[in-house]
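Spelled out, the chains give:
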Amino acid sequence: MTSRKWIVGGVVLALVGVIVSCCGLAAGTFSARGYVERSYARSVVDDIGSDAEGYRSDLPPRQVAQQLTRTFSPADQYTVGDRYYLRYGDDSVVILPIAAGSLILLERMTTAYPRYRSVVGNSWNWQRGSTIRGGGPGTGK
């Protein structure tokens, strides 16, 4: 009877391990970055050096932004006309109009914020090296 308990316990432990592994693998694809990579056509000619990856869509920028923000709510967003600037944690997604639809630029915040700071200002609420604790009187006390 004791060996049966060990076998059942081992099978349960193995199943838990498989479930945890699958969830971990799937979590990498459940992000705004993964969504853009899966949903839109890669356009290497639109890359900005090694900083931003270009993607294209036949849809206008507004529809692309709606699809993305319905699926993944951005931490911050800023819109200027038909240009959409979305911040997702460490990533940014910038959606720009082109004649054939939209250009989607996927970029890490470390390079995107300096690039678009003059457009988004403080609306992205991100600064390199920022902390939860603000400055002002009493800082460091």
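Scroll up to find the structure.
None of these values were measured; they are calculated from a predicted model. Each chain carries its own residue numbering, running from 1 in the written order of its sequence. Where totals are concerned, whole chains, interfaces and linings use all residues; where local detail is concerned, this predicted model gives features only for residues with pLDDT of at least 70, and gives and counts side-chain atom pairs only at 80 or more. Side-chain metrics in this entry use all non-hydrogen atoms of the structure; hydrogen atoms and water are not considered.

## Focus: the nonpolar core
Formally: The definition of a nonpolar core used throughout is a set of buried Ala, Val, Leu, Ile, Met, Phe, Trp, Tyr and Cys residues joined through side-chain atoms within 4.5 Å. Residue exposure (1.4 Å probe, protein chains only): buried if accessible area is under 20% of the type maximum, exposed if over 50%, otherwise partly exposed. Under the DSSP-based scheme used, a helix requires at least four consecutive residues in state H or I and a strand at least two consecutive residues in state E, with every element numbered from the N terminus. Contact definition: two residues touch when any of their heavy atoms are within 4.5 Å.
Counting 16 residues, the largest nonpolar core has V36, Y40, L68, Y88, V93, I95 and I104 as its most contacted members. Elements with a minimum of two residues in this core: helix 2 (32-39), helix 3 (61-71), strand 4 (83-88), strand 5 (91-98) and strand 6 (101-108). Apart from residues no more than four positions distant in its own chain, I95 is found in contact with P61, V64, A65, D82, R83, Y84, L86, S102, L103 and I104. Core analysis: the next-biggest nonpolar cluster, separate from the first, contains twelve residues, V94, L96, L103 and L105 among them.

## What about the pattern of salt bridges?
Worth spelling out the cut-off: By definition here, a salt bridge exists when the distance from a side-chain nitrogen of Lys or Arg to a carboxyl oxygen of Asp or Glu is within 4 Å.
The tally for this structure, following the rule as stated, stands at eight salt bridges. Linking E37 and R33 is a salt bridge whose minimum nitrogen-to-oxygen distance equals 3.8 Å. Of this pair, E37 and R33 both sit in helix 2, four residues apart, roughly one helical turn. Judged by its relative accessible area of 15%, R33 falls in the buried class. Here R108 and D91 are joined by a salt bridge, their closest N and O atoms 2.6 Å apart. Of the two residues, R108 is situated in strand 6 and D91 in strand 5; the sequence distance between them amounts to 17 residues. Judged by its relative accessible area of 41%, R108 is partly exposed. Judged by its relative accessible area of 10%, D91 falls in the buried class. Among the ionic contacts, a cluster of salt bridges with common partners joins R33, E37, D91 and R108.

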